[in-house]
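Here are the chains, one letter per residue:
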Amino acid sequence: MKDKHLTTLRMIYLFGNWKMYLDLEESVALVTELCNVKLPTHEYVTLGIFPNPLAFVSVRNVFKGSTFFLGAQNVGWTSKGAYTGSISAELYKNAGATYALVGHSERRYIFNETNEAVRKKVEACLDAGIIPVVCIGETQKDKDANKKEYRLKKQIMKVFEGLSLDRKEIIIAYEPVWAIWPGTPCNPEEARDTHELIHAEIAKYTDTKVPVIYGGSVNAENVEQYLSLNGVDGVLPGHASTKIDTFVPLIEHVIGLFRANP
Ligand code: PGA
């Protein structure tokens, strides 16, 4: 299903969320391999990697001068001070982060992160000059109880209500929790309808253009079906971004789509 020609896109994002799949040595090895492969680039494709906090600086050092941007997987909402175990958006900014994931479903549902905590983290990122990539998405339970729309609208409201963007950027990642690997990938019709709903809902709170990217079992084989949809401004693969054999074909495939439609 193709809703649009890819050239109608201005910018798309391809962000690899490495979660806690790789230790320090494995993260450095993967990033070194990525730098050794002659990856294609395209001015409209923004590539980003989100390593774990222990690996962040080492990955940054290997990546220096590359086309990849770096992101944090999570941030604390305070700045500097007596906050044992926390890493603030400000510290990540100092260390070279451009982006930060906020409110990933694994943070929300495994570590009980509330909408209120997510909002504080969004504000902390904006204050620190980091672009928050705010994850929203319904669980299977929400879906079964016909609460998908309610859940998404509430998560969006909690992020945007009264939020001053003032020319600052923010990205939303729609990640249906049931589609996260090894879950069932979302079918393109549902992804398209949900992205439409999310864009319409965000427009109630801000005039700023907010990209909405898709995540949930994205790989080289299915990425085109998502990027061809109206309202899908990029993808956030997790599992498929953690191995050279699956990440490189994914990057090559995405950039190939743009090269084929210059
Ligand atoms: P997945 O992860 O690609 O492994 O499903 C996506 C995510 O949770 O960010």
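Here is a short report on the structure shown in this document. Keep in mind that what you see is a predicted model, and the values were worked out from it rather than measured. (Residues numbered from 1 in each chain as written. Predicted model: local features only at pLDDT ≥ 70, side-chain atom pairs only at ≥ 80, totals over all residues. Heavy atoms only, no water.)

Another aspect to go through is the packing of helix H1 (residues 24–36) against helix H2 (residues 56–63). For any two helices packed against each other, the geometry comes down to the angle between their axes and how far apart the axes lie. Contact geometry of H1 with H2 gives a least axis separation of 9 Å together with a crossing angle of 15°. Taken together, the axis directions place H1 and H2 in an arrangement best described as roughly parallel. For H1 against H2, the interelement crossing comes out right-handed. Contact residues: Leu-24, Ser-27, Val-28, Val-31, Thr-32, Leu-34 and Cys-35 in H1; Ser-58, Val-59, Val-62 and Phe-63 in H2. For the contact of H1 with H2, the residue count by class is eight nonpolar, three polar and no charged. (Axes fitted to C-alpha atoms, helices over the stretch in contact; angles between N-to-C directions. Helix = DSSP H or I, 4+ residues; strand = E, 2+ residues; numbered from the N terminus. Parallel < 35°, antiparallel > 145°, perpendicular 65-115°, else oblique. Left-handed = near helix turned anticlockwise from the far one by under 90°. Contact = heavy atoms within 4.5 Å. Nonpolar A, V, L, I, M, F, W, Y, C, P; charged D, E, K, R; others polar.)

Taking 1.5 Å per residue as the helical rise, helix H8 (residues 188–203) with its 16 residues ought to reach 22 Å, and the 22 Å between its terminal C-alpha atoms agrees with that figure. Put simply, Asn-187 is the residue that caps the front of H8, since its side-chain oxygen is 3.1 Å from the backbone nitrogen of Glu-189. (Expected span 1.5 Å × (residues − 1). Polar contact = N/O pair within 3.5 Å; in protein donor to acceptor, adjacent residues only side chain to side chain.)

You can see Asn-115 is positioned in helix H5 (residues 115–128). On the basis of relative accessible area, Asn-115 is assigned to the buried category, the value being 17%. Between the C-alpha atoms of Asn-115 and Val-232, which are 117 residues apart in sequence, the distance is 23 Å. For Asn-115, the contacting residues outside a window of four places in its chain are Arg-108, Lys-154, Gln-155 and Lys-158. Within the structure, the side chain of Asn-115 is placed 2.8 Å from the side chain of Arg-108, a separation counted as a polar contact. (Buried < 20%, exposed > 50% of the residue type's maximum accessible area, 1.4 Å probe, protein only.)

For the coordinates displayed, the defined rule picks out eight aromatic pairs. With 4.6 Å between their ring centres and 10° between their planes, Phe-63 and Phe-68 make a pair best called stacked. We note that Phe-63, like Phe-68, is buried. Here Phe-69 and Tyr-99 contribute two aromatic rings whose centre-to-centre distance is 6.1 Å and whose plane-to-plane angle is 90°, an arrangement assigned as edge-to-face. Taken together, the residues Phe-69 in strand S3 (residues 68–72) and Tyr-99 in strand S4 (residues 99–102) connect sequence positions 30 residues apart. Given the relative accessible area of 37%, Phe-69 is considered partly exposed. The structure contains a cluster of three or more aromatic residues connected by ring pairs, namely Tyr-13, Phe-15, Phe-50, Phe-69 and Tyr-99. (Phe/Tyr/Trp six-rings, centres within 6.5 Å; stacked < 30°, edge-to-face > 60°.)

Assignment of secondary structure puts Tyr-150 in helix H7 (residues 148–160). Overall, the relative accessible area of 45% leaves Tyr-150 in the partly exposed class. Measuring from C-alpha to C-alpha, the distance between Tyr-150 and Glu-138 comes to 9.1 Å, with 12 residues separating the pair along the chain.

Turning our eyes to something else, we now look at the pairing of S3. Of all five residues that make up S3, four are buried, and the element is covered over most of its length. Both strand S2 (residues 45–50) and S3 contribute to a ladder of three bridges, which runs parallel. Bridge pairing links Ile-49 to Leu-70 in S3. In the classification by handedness, the crossover that spans S2, the intervening H2 and the parallel S3 is right-handed. Relative to S4, S3 runs parallel, the two being bridged by two bridges. Directly across from Gly-71, in S4, lies its bridge partner Tyr-99. Handedness of the β-α-β unit built from S3, helix H3 (residues 89–95) and S4 comes out right-handed. (Pairing = 2+ DSSP bridges. Right-handed = clockwise from strand over helix to strand, strands pointing away.)

Worth remembering: the numbers are spatial, not functional.
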